[in-house]
Structures are given as C-alpha cells and as structure tokens.
Amino acid sequence: MKVPFLDLKAQYNSIRDEIATALQQVLDNTAFAGGPFVKKFEEEFASFCTCEFAIGVGSGTTALWMALSSLGIGQGDEVITTPNTFIATAEAISFCSAKPVFVDIDECTYNMNPDLLESVITPKTKAIIPVHLYGQMADMDSIMQIARAHQLFVIEDACQAHGAEYKGRRAGSIGDVGCFSFYPGKNLGAYGEAGAIVTNNAELAEKMRMFRDHGQARKYYHSMIGWNARMDGFQGAVLSVKLKHLPSWNDARRKNAQLYDELLANVDSVITPTEADYAKHVYHIYAMCTKNRDSVISALAEKDIFCGIHYPVPIHLQEAYKFLGYRTGSFPVAEKCADELVSLPMFPELGREHIEAVVEEINRFVVTHTVVNE
Ligand SMILES: Cc1ncc(COP(=O)(O)O)c(C=O)c1O
C-alpha cells in the first residue's frame, strides 16, 4: 500500500470550498499585502495561543530573526539553543550578528536539556531559544527559572508546535516571545510562506509590527529602520480557515501517534517517542528511534512507504557552522538522534490501514534483519 510521508491534497480536498470562498474575498477586496485578512487572523491566532498579540510575518525564519532583533540582540551577544533543530533557529541568531551557543538535548523528549543550560551561560548570553521539536514543548518551567535568574530573554521556537501544551499552557505563551512557521507542511500550514510572532508585551508587539512594515506606524513616516516582512493577504485568509480545523487535526495526529505507539510496542529494536508528563504533544513529526535507520527507510521506500529524517546532520556539524569550532562528540544525544531517528508518515488524514501497513513493513524488516544477523 502506498503511504506518503505527508498528503497536503487530502487536507485541501476536505476544506476546498471554504478556501475558495476565503481566497475570493481577498481578491474582491484586493487586500494582498497585510490588510484586514491578516489582521483578522492575527486576532484569532493570538487568542488560540492565549496571548495578547500576534504579528503576522513572511516566515518562521523571519519571525525568529525579528523577535531577536527587536529584543536588542546583536553583535557580541550569545544566544543558547539546541543543535538538533532546523537550521533556521541558528540562522536567525547569526542574522542578528550574535553567536549561537548549543546545549545538548534530553534523550526522552529530544528537547533542550535544562540541566546543561547553566554550564554555557556567560556574561555575553542574552537569550535562550528552546525549540519545541516535533510538536512537544521543552521543559519550560526549568528553562524560565534559569532564564529569569540570569536575566535572559526566552524566545520559544514553536515553529513545529501549533497548539502544543506545557502543563496546560499553549506553545508560544510562556516565553517573552513565541515564533511560529506556517510553512505548508506544518500542523497549521499556509498555502505559501508565512509565520507569526506572539507575545504579551505590548511595547514589543508595537515595535515588531513597525519592524515588519519598514519601521512605520503611519505610511511614509519611518521612526525606525525596519524591513518588509509582512504576511500576505491570501495567507491570512487561508490560515483563518485552517485555524478553525486545527484542534481536530491535532487530535487526529494524537490518535495516529497512539496507534503507532500501540502497534510498535511489540516490535523489537525500535523506540517510540515519549510524551512527557507535562506535555500535550501535537506530533508534527512522529520520530521513532532505531539503529538500522537508513536500511529501514530504504526497505519501506521499496514498498512505497515514505519516511523522512529530521534532521540527518545536527547544526554544530553542518558545514555552515564549522567556524563555531564544535566537533563530533560535542553533543552526543543530538548526534545519536541524527543517526537513529526516522520520521514515519504522519498527517491528520492518515488512516488506520496506512499505519498498520507501515508497522507491518517495519516488523517485516526487523524480523528479516534479525534472521540475517544470526
Ligand atoms: C524548528 C523550526 N524553526 C524554524 C523554522 C523556520 O520556519 P520557515 O520555514 O517558515 O521559515 C522551521 C521550519 O521548518 C522549524 O521547523
């Protein structure tokens, strides 16, 4: 049975008419750059995140960069994050002329290990970016406690965690700022590029709203140097439609994850993801751990079952970040994840029969492989 890693068409087909109406409204109002549809989505998304303010921007990468920059992070500053994230987290730090400093991750949640934070804080440290990887939030109480003790800003990289919760609190609402990506494949995905920043800080929200619009609050009166980082009207309209469905889509992802957990529980040599006691995981990605990762992926692909790797090379070992001077062995847990994690097909419309087919093939591989080894 063919099982894609992701099926954006299945979701589009389920909301086709709503999307067509929303896009037509943008056309009828010629509200293409920023405008009322973006404003409406910002209000809805702020409320969804239980935050006072949301600022729609062009991408998650831009959201992270604008948040750091608006908090005054710049040349000579250090910002702590994890090495097993999408490179955008580190790029945003670099684009502020600051230095990314990495800490290793927790082996159960794959998120920032707060016990390691104090050891990398220096007088230059200005902020911490916990990444809520795969849809599960990092241990925010511990991170916030350390950040407040050292007067550091906390920017949540919630680009994979729309609707995820920590002790009942929504992703993006705990740090000083939360940053989201609406890249099409995300739990809440636009039909193009888009992102958002959420915060409860009114002054910061105003600054970021001006920043994304050339530093102007009033057209052609520029009180600061900004950028063009506006969300476009079509994306605002699409996201408003899709936000209404997000809770049920996240529930469907959680159900799918539960089924994978159950079916994989009896399969040797695979470790299923852990949902921490504090967390409501929204399974942007369902990553299972196995020593035979690359062979499993190839075997499944031969049966038309498509998996992913998030991410094959941790950032500290990427060519682009060689200059930071880290080596293989610097972050053993992140490196083990890069070698052993495989992301199984995961999307809300995935059916029981698809999940059973994926697990059957994994099982077949494991059994055959054991036979070969003996
Ligand atoms: C953890 C993380 N941070 C940042 C980003 C960047 O978001 P975007 O692709 O919208 O720029 C992504 C997107 O994949 C992400 O997964």
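Above: the structure in question.
Conventions and cut-offs
Residues numbered from 1 in each chain as written. Predicted model: local features only at pLDDT ≥ 70, side-chain atom pairs only at ≥ 80, totals over all residues. Heavy atoms only, no water. Pairing = 2+ DSSP bridges. Helix = DSSP H or I, 4+ residues; strand = E, 2+ residues; numbered from the N terminus. Axes fitted to C-alpha atoms, helices over the stretch in contact; angles between N-to-C directions. Contact = heavy atoms within 4.5 Å. Buried < 20%, exposed > 50% of the residue type's maximum accessible area, 1.4 Å probe, protein only. Right-handed = clockwise from strand over helix to strand, strands pointing away. Parallel < 35°, antiparallel > 145°, perpendicular 65-115°, else oblique. Left-handed = near helix turned anticlockwise from the far one by under 90°. Nonpolar A, V, L, I, M, F, W, Y, C, P; charged D, E, K, R; others polar. Near = heavy atom within 4 Å. Polar contact = N/O pair within 3.5 Å; in protein donor to acceptor, adjacent residues only side chain to side chain. Areas by Shrake-Rupley, 256 points an atom, 1.4 Å probe, with all protein chains shown as cover. Core = buried A, V, L, I, M, F, W, Y, C linked by side-chain atoms within 4.5 Å. Phe/Tyr/Trp six-rings, centres within 6.5 Å; stacked < 30°, edge-to-face > 60°.

Caption draft 1: How the structure looks around the sheet that holds strand β4 (residues 125-128). Spatially, β1-β9-β8-β5-β4-β2-β3 is the arrangement adopted by the seven strands of the open sheet, whose pairing is mixed. With one partner strand each, in any of the chains shown, β1 (53-57) and β3 (99-102) form the two edges of the open sheet. Each neighbouring strand pair of the sheet contributes to a mean axis angle of 25 degrees, computed without reference to strand direction. With two bridges connecting them, β4 and strand β5 (residues 153-157) associate as parallel partners. Bridge pairing links Ala127 to Phe153 in β5. Strand contacts of helix α2 (residues 36-48): β1, β8 (177-181) and β9 (195-199), with the helix running at about 130 degrees to β1, the strand carrying the most contacts.

Caption draft 2: Molecular detail of the pairing of β5. Buried residues dominate β5, accounting for four of its five residues. Running through helix α5 (residues 140-149), the crossover from β4 to the neighbouring parallel element β5 is right-handed.

Caption draft 3: Layout of the packing of α2 against helix α7 (residues 233-264). The N-to-C vectors of α2 and α7 enclose an angle of 30 degrees; their axes lie 7 Å apart at closest approach. Taken together, the axes of α2 and α7 are roughly parallel relative to one another. Handedness of the crossing formed by α2 with α7: left-handed. Between α2 and α7, the contacting residues are Phe37, Val38, Lys40, Phe41, Glu44, Phe45 and Phe48 on the first element and Gly233, Gly236, Ala237, Leu239, Ser240, Leu243, Leu246 and Pro247 on the second. Split by residue class, the contact of α2 with α7 holds ten nonpolar, three polar and two charged.

Caption draft 4: Focus on the site of the ligand. Surveying the vicinity of the ligand reveals 15 residues, the closest of which are Gly60, Thr61, Asp157, Ser181 and Lys186. In this structure, a nitrogen atom belonging to the ligand sits 2.8 Å away from a side-chain N or O atom of Asp157. Within the contact set of the ligand, an oxygen atom lies 2.6 Å away from a side-chain nitrogen or oxygen of Ser181. Notes on the ligand: free accessible area 380 Å², of which the protein chains cover 92%. Contributing elements (two or more residues each) for the shell around the ligand: α3 (60-70) and α4 (88-95). For the shell around the ligand, the element with the highest residue contribution is α3, accounting for three residues.

Caption draft 5: Representation of the nonpolar core. The biggest cluster of nonpolar side chains holds 65 residues, and the ones touching the most others in it are Phe45 and Phe182. Of all the secondary-structure elements, those providing two or more residues to this core are α2, β3, α5, β9, α7, β13 (286-289) and α9 (332-340). Among residues more than four places away in sequence, those in contact with Phe182 are Phe41, Phe45, His162, Leu188, Gly189, Ala190, Gly192, Ala194, Gly195, Ala196, Met231 and Leu239. Within the second largest apolar cluster, 27 residues are counted, among which are Val79, Ala98, Cys179 and Ala205.

Caption draft 6: Structural view of the packing of aromatic side chains. Tallying each qualifying case throughout the model produces 18 aromatic pairs. Relative to Phe48, the ring of Phe45 lies with its centre 6.1 Å away and its plane at 20 degrees, an arrangement referred to as stacked. Taken as a pair, Phe45 and Phe48 lie in helix α2 at a separation of three residues, close to a single helical turn. Taking the relative accessible area as the measure of exposure, Phe45 reaches 0% and is therefore buried.

Caption draft 7: Structural detail: the side chain of His316. When you line up the elements, His316 lands in the loop between α8 (293-302) and α9. When neighbours within four sequence positions are excluded, His316 is seen to be in contact with Pro83, Phe102, Tyr321, Tyr326, Arg327, Ser330, Phe331 and Glu335.

Caption draft 8: Just the environment of Ile297, in detail. Along the chain, Ile297 falls in helix α8. By relative accessible area, which is 18% here, Ile297 ends up buried. Taking C-alpha positions, Ile297 is 45 Å from Asn201, a pair spaced 96 residues apart along the chain. Each residue touching Ile297, except ones within four places of it in the same chain, is listed here: Cys307, Gly308, Ile309 and Val342.

Caption draft 9: Structural context of helix α6 (residues 202-211). Taken residue by residue, α6 has Leu204, Ala205, Met208, Met210 and Phe211 as its buried positions. Of the residues flanking the start of α6, the one acting as N-cap is Asn201, its side-chain oxygen 3.1 Å from the backbone nitrogen of Glu203.

Caption draft 10: Focus on the packing of helix α1 (residues 8-29) against α7. Contact geometry for α1 and α7: axes closest at 9 Å, N-to-C directions at 145 degrees. The handedness of the crossing between α1 and α7 comes out as right-handed. Judged by residue contacts, Gln11, Ile15, Glu18, Ile19, Ala22, Leu23, Val26 and Leu27 of α1 engage Gly233, Phe234, Ala237, Val238, Val241, Lys242, Lys244, His245 and Trp249 from α7. For the contact of α1 with α7, the class distribution of residues is eleven nonpolar, three polar and three charged.

Caption draft 11: Unusual backbone geometry, seen in detail. In this structure, the amide linkage connecting His310 to the following residue, Tyr311, adopts the cis form with an omega of 15 degrees. Within the fold, Tyr311 resides in the loop between α8 and α9. Located in the positive-phi region is Asp304, a residue other than glycine, with phi close to 65 degrees. In this structure Asp304 comes out as partly exposed when scored by relative accessible area, which is 36%.

Caption draft 12: Looking closely at the side chain of Asn256. By the secondary structure assignment, Asn256 is in helix α7. If we ignore the near neighbours within four places in the chain, the residues touching Asn256 are Met346, Phe347, Pro348, Leu350 and Ile355.

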